[in-house]
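Chain by chain, the residues run as shown.
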Amino acid sequence: MTVRSYAKINLGLRLLRKRPDGYHDLETVFHRIEMHDELSFRLTDGTVSLETDRKDLPTDSSNLCIKAAEYMRSRAPAGSGVAMRLRKGIPIGAGLGGGSSDAATVLLALNDLWSVKASADQLKSDALRLGSDVPFFLSEGSAAATGRGDLLEVLPVEMPYWIVVAVPPVAVSTAWAYANVRLRSVAPSVSLKEVMTRSLRDWKVLRSQLTNDFESTVIASHPAIGKAKQHLLDGGALVALMSGSGSAVFGLFAEEPAALAVSADFETQGYVVSVTAPGFSPPVPHILTTETDP
Ligand code: C5P
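Note that the structure is predicted; figures quoted are calculated from it, not measured.

Reading the values: rules and limits
- Residues numbered from 1 in each chain as written.
- Predicted model: local features only at pLDDT ≥ 70, side-chain atom pairs only at ≥ 80, totals over all residues.
- Heavy atoms only, no water.
- Near = heavy atom within 4 Å.
- Polar contact = N/O pair within 3.5 Å; in protein donor to acceptor, adjacent residues only side chain to side chain.
- Areas by Shrake-Rupley, 256 points an atom, 1.4 Å probe, with all protein chains shown as cover.
- 1 Å grid on protein atoms, 1.4 Å probe; cavity = no way out; pocket = protein on both sides within 12 Å on 5 of 7 lines; lining within 4 Å.
- Sits in = over half its atoms within 2 Å of the grid points.
- Points joined across faces, edges and corners; volume = space filled by probe spheres on them.
- Nonpolar A, V, L, I, M, F, W, Y, C, P; charged D, E, K, R; others polar.
- Helix = DSSP H or I, 4+ residues; strand = E, 2+ residues; numbered from the N terminus.
- Core = buried A, V, L, I, M, F, W, Y, C linked by side-chain atoms within 4.5 Å.
- Buried < 20%, exposed > 50% of the residue type's maximum accessible area, 1.4 Å probe, protein only.
- Expected span 1.5 Å × (residues − 1).
- Contact = heavy atoms within 4.5 Å.
- Axes fitted to C-alpha atoms, helices over the stretch in contact; angles between N-to-C directions.
- Left-handed = near helix turned anticlockwise from the far one by under 90°.

Draft legend 1. Spotlight on the site of the ligand. Lining the immediate environment of the ligand, one finds Gly22, Tyr23, His24, Leu26, Gly131, Ser132, Arg148, Thr174 and Tyr178. Contact distances for the ligand include 2.7 Å between an oxygen atom and a side-chain N or O atom of histidine 24. Here a nitrogen atom of the ligand sits 3.0 Å away from a polar atom, N or O, in the main chain of arginine 148. Its free accessible area being 450 Å², the ligand has 72% of it covered by the protein chains. For the ligand, the cavity whose grid points lie within 2 Å of the majority of its atoms is the largest pocket.

Draft legend 2. Focus on the layout of surface pockets. Roughly 1,000 Å³ of volume is contained in the largest pocket. Taken together, 46 residues make up the lining of the largest pocket; nearest its centre are Gly97, Ser100, Asp133, Thr174 and Ser245. Of the residues that constitute the lining of the largest pocket, the class distribution is 20 nonpolar, 20 polar and six charged.

Draft legend 3. Structural view of empty space enclosed by the protein. Scanning all chains against the criterion turns up one cavity of 30 Å³ or more. Computed from the structure, the largest cavity encloses a volume of approximately 80 Å³. Surrounding the largest cavity, 13 residues form its lining, Arg4, Ser5, Thr105, Phe137 and Val284 being those nearest its centre. A per-element tally of the lining of the largest cavity places helix α2 (residues 98-113) first, with four residues. Split by residue class, the lining of the largest cavity holds seven nonpolar, four polar and two charged.

Draft legend 4. Seen up close, the nonpolar core. Counting 39 residues, the largest nonpolar core has Phe41, Met72, Met84, Val106, Leu107, Leu110 and Trp114 as the members making the most contacts within it. Take this core: its biggest share by element is eight residues, from α2. Of all hydrophobic cores here, the second largest spans 29 residues; its members include Ile90, Val195, Leu206 and Ala248.

Draft legend 5. Looking closely at helix α9 (residues 256-268). Along its 13 residues, α9 runs 18 Å from first to last C-alpha, staying within 8% of the 18 Å computed at 1.5 Å per residue. The elements touched by buried residues of α9 are β7 (162-167), α8 (223-234), β9 (249-253) and β10 (272-276). Phi for glycine 270, located one or two positions after α9, is positive at around 85 degrees.

Draft legend 6. Examining the packing of helix α1 (residues 64-73) against helix α3 (residues 120-130) more closely. It is the contact of α1 with α3, at a shortest axis distance of 10 Å, that shows an interaxial angle of 145 degrees. Both α1 and α3 take part in a crossing whose hand is right-handed. On α3, the residues that touch Leu64, Lys67, Ala68, Tyr71 and Met72 of α1 are Leu123, Asp126, Arg129 and Leu130. Across the contact of α1 with α3, the residue classes break down as six nonpolar, no polar and three charged.

All quantities given are derived from atomic positions and should not be read as evidence of function.
In structure tokens form, the structure reads like this:
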């Protein structure tokens, strides 16, 4: 079986407080983009393995795909095994949720291929053990998230804009970003969910309301991210923002030509870029082929 595993952006990210468990309560809106990894699954007898096309990715039990497969294997019939192959299209350390998306895809694919029949609640709890962003990737569509990022509310976002994502050639550690960020003292009066439902087509409201609390800290250490954001605005983006803890930035464009022009420009500068058309909302999981034989 071969499955596409899509990246997300954060349409706004507010860090509210540090929690007793060490995580932070936040508020965000997760939204899928066209950029994706591809995962292939071949059934084997009893072992779990992973190959990737990125040398800097571990393929042992520190990889979220292996962890996800081991969680599923503990519930699968004896002798269940899989050989996984991961083709990365989503840069690592970009704030696009690539590793989280892959982990959720592994849970969904093996639940099916090994006939585990895990309940939605079991999948969600496995997902959260794998990472705060993983539960979002189990379901289709966009979501408003609170808590660690795991309290999800489906949010029908009929995205009217072209989304250009550009990834500067720096990786940002999420744990580092959380450890160094300054938390806001006052929670905003309007939730991001309300902003998205009431004002999605009003780009001036979006420009003022969609903020990312990681930006000032992360950009201070990685000026290339600030430059990329400014380049999006100069190229006609109505809104430009960093995603997650960076390094990716995205811009919302009203017109395709401006979106394509700025993305071509980033490409010539060696950035990883993706363009997502308005209304993009892929199936989850997005199965390309169901073949599982060696
Ligand atoms: O959950 P995940 O493994 O993706 O988180 C990575 C790190 O980011 C955590 O160890 C924690 O330091 C930080 N984090 C946080 N609050 C969140 C999510 C992540 O402090 N809501």
